[in-house]
Amino acid sequence: MESGAEVDIWNYVFGYTKMAVVKCAIELGVADVIENHGSPMTLSDLAAVLRCEPSRLHRIMRFLVHYQVFKQEPTGQHSMGFSLTPLSRLLVKHGENTMAPFILLESSPIMLGPWHSLSARVLESGNISPFEAANGMDLWSYTEANPGHSKLLNDAMACAARLATPAIIEGCPEVFDGVESLVDVGGGNGTALSLLVKQFPRIRGINFDLPHVVAAAPKFEGIENVGGDMFVSIPHANAVFLMWTLHDWDDKECIRILKKCREAIPEDKGKVIIADAVLEEDNKGNELEFVRLMLDMAMMAFTNKGRERTRKEWDYVLRESGFTRFNVKSIQAVKSVIEAYP
Ligand SMILES: C[S@@+](CC[C@H](N)C(=O)[O-])C[C@H]1O[C@@H](n2cnc3c(N)ncnc32)[C@H](O)[C@@H]1O
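All of the points below concern the structure found in this document. (Residues numbered from 1 in each chain as written. Predicted model: local features only at pLDDT ≥ 70, side-chain atom pairs only at ≥ 80, totals over all residues. Heavy atoms only, no water.)

## Comments concerning the packing of helix α12 (residues 147-171) against helix α13 (residues 191-199)
Following both chains from N to C, one finds α12 and α13 inclined at 30°, their axes separated by 8 Å at the closest point. Relative to α13, the element α12 lies roughly parallel. Note that α12 runs across α13; the crossing there is right-handed. Residues Ala-158, Ala-161, Arg-162, Thr-165, Pro-166 and Ile-169 of α12 form the contact with α13, whose own contacting residues are Thr-191, Ala-192, Leu-195, Leu-196 and Gln-199. Of the residues belonging to the contact of α12 with α13, the class tally is seven nonpolar, three polar and one charged. (Axes fitted to C-alpha atoms, helices over the stretch in contact; angles between N-to-C directions. Helix = DSSP H or I, 4+ residues; strand = E, 2+ residues; numbered from the N terminus. Parallel < 35°, antiparallel > 145°, perpendicular 65-115°, else oblique. Left-handed = near helix turned anticlockwise from the far one by under 90°. Contact = heavy atoms within 4.5 Å. Nonpolar A, V, L, I, M, F, W, Y, C, P; charged D, E, K, R; others polar.)

Quick look at the structure:
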């Protein structure tokens, strides 16, 4: 075997290990305890606070230091201690930019089960989604029936929204020029909209999602939570915002949703703002493209017919929904911003 291939194949053989060990560290609260401590923490201090068996914790930390999730530094008492890296700061559960809820969602048995049915889905006979094959119903019915999983999903979406929304505000603030009212369709627990309304206080926000999702959403100043079904009708506003909503659906369903969005905005000055991945035809240079391709696989595993789209595919669904023009803005994020006009 060529040595490069040998290294690569072991990465695939034990690919799940990294996710599992990081999940273990989140569940134990390793990053939280080190952050609270405020300086490098020895293994024995860490084990004492976490109430862990020291030699097993040592093996977990040795693995995570090797992958630069944590680092080791002198404690000042002739010993070494563990401290946070930019990566493990994202694992602090109550941190501002935490990604811990997303890792807990994706590593949950409910979300891991569907991957076992991916090949069955790719076959011509693969009629049901891997999620349904594993869990007996589609993702949105499952979240409605299981409030615990719904919370896990909404918390995960909220932490991704906390990363993406500032990138949108910074990368293309002009998108919100002149917008006085904004409805976030499939807005989850309202995190993205709350950040937009905070940045642009003139905007009156409507967070629109399935009734069980908005029933559990927190109240934010300047935002009204409205429950409903985007395939039936969408509350009226100057502009519609859809983040990671359309990628859950196939072209026909997207066109139905986008037509409802058109009905919700003024014909002359209204617009639809989509924050979703735009796959590049030639993507070799983009360091985030691998995430977009992974998301596309996640859409195949978790949704009935969702997918990530190229610019050409976005062009098709937007024109079929009656939008006359659109532009795509790249930002420092997995998502791009598409502005579409009636
Ligand atoms: C992938 S999540 C995105 C959440 C949020 N936009 C974000 O980026 O954080 C998709 C959202 O669509 C919502 N959704 C699914 N079906 C819906 C429907 N028929 N009407 C309204 N919302 C729906 C889900 O409840 C979920 O909150």
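## Overview of the sheet that holds strand β3 (residues 181-185)
Taking strand neighbours across the sheet as the criterion, the seven strands line up as β5-β4-β3-β6-β7-β11-β10 in an open arrangement whose pairing is mixed. The open sheet has two free edges, formed respectively by β5 (223-227) and β10 (325-330), since each of these has just one partner strand. Going from strand to strand, the sheet's axes swing by 20° on average, the running direction of each strand aside. Two strands pair when backbone bridges link them, and β3 and strand β6 (residues 239-243) are joined in this way by three bridges, in the parallel orientation. Counted as the bridge partner of Leu-182 is Ala-239 from β6. Seen against the sheet, α12 touches β6, β7 (271-276) and β11 (336-341) and runs at an angle of roughly 135° to β6. Sheet strands touched by helix α17 (residues 311-320): β7, β10 and β11. Its angle to β10, the strand with the most contacts, is close to 145°. (Pairing = 2+ DSSP bridges.)

## Let's talk about the site of the ligand
Gly-186, Asp-209, Asp-229, Met-230 and Met-243 are the nearest of the 17 residues found near the ligand. At 3.4 Å, a backbone N or O of Met-157 approaches an oxygen atom of the ligand. A distance of 2.9 Å is found between a nitrogen atom of the ligand and a side-chain nitrogen or oxygen belonging to Asp-229. Burial of the ligand by the surrounding chains reaches 95%, relative to a free accessible area of 590 Å². Of the residues assigned to the shell around the ligand, the class counts are ten nonpolar, four polar and three charged. (Near = heavy atom within 4 Å. Polar contact = N/O pair within 3.5 Å; in protein donor to acceptor, adjacent residues only side chain to side chain. Areas by Shrake-Rupley, 256 points an atom, 1.4 Å probe, with all protein chains shown as cover.)

## Details of the packing of helix α15 (residues 251-264) against α17
What describes two packed helices is the angle between their axes and the distance between those same axes. Following both chains from N to C, one finds α15 and α17 inclined at 50°, their axes separated by 8 Å at the closest point. Taken together, the axes of α15 and α17 lie oblique to each other. The two elements α15 and α17 meet at a crossing, and its hand is right-handed. Contacts from Asp-251, Cys-254, Ile-255, Leu-258 and Lys-259 in α15 reach Tyr-316, Val-317, Leu-318 and Glu-320 in α17. Of the residues that constitute the contact of α15 with α17, the class distribution is six nonpolar, no polar and three charged.

## Here's the deal with unusual backbone geometry
In this structure, Arg-51 takes a positive phi of about 55° despite not being glycine. Summarising the element assignment, Arg-51 is placed in the loop between α4 (43-50) and α5 (54-66). For Gln-68, which is not a glycine, the phi torsion comes out positive at approximately 60°. Along the chain, the position of Gln-68 falls in the loop between α5 and β1 (70-74). Here Gln-68 falls in the exposed class, since its relative accessible area comes to 60%. (Buried < 20%, exposed > 50% of the residue type's maximum accessible area, 1.4 Å probe, protein only.)

## Considering the layout of surface pockets
The gaps left among the atoms become clear once a water-sized probe is rolled over them. When its volume is computed, the second largest pocket comes out at roughly 390 Å³. Considering the residues around the second largest pocket, the lining is formed by Trp-10, Asn-11, Tyr-12, Phe-14, Gly-15, Tyr-16, Thr-17, Lys-18, Phe-63 and Tyr-67. Looking at the lining of the second largest pocket, the elements that each hand over two or more residues are α1 (3-13) and α2 (15-28). It is α2 that contributes the most residues to the lining of the second largest pocket, four residues altogether. Looking at the lining of the second largest pocket, its residues break down into six nonpolar, three polar and one charged. (1 Å grid on protein atoms, 1.4 Å probe; cavity = no way out; pocket = protein on both sides within 12 Å on 5 of 7 lines; lining within 4 Å. Points joined across faces, edges and corners; volume = space filled by probe spheres on them.)

## Some words on the nonpolar core
In this structure, Ile-168, Phe-176, Leu-182, Phe-241, Met-243 and Ile-273 are the most contacted members of the largest nonpolar core, which totals 44 residues. Among the secondary structure elements, those contributing two or more residues to this core are α7 (100-106), α8 (109-112), α11 (139-145), α12, α13, β6, β7 and α16 (289-302). Val-183, Ile-206, Leu-242 and Ile-255 belong to the second-largest nonpolar core, a separate cluster that totals 29 residues. (Core = buried A, V, L, I, M, F, W, Y, C linked by side-chain atoms within 4.5 Å.)

That's the geometry; what it means functionally is another story.
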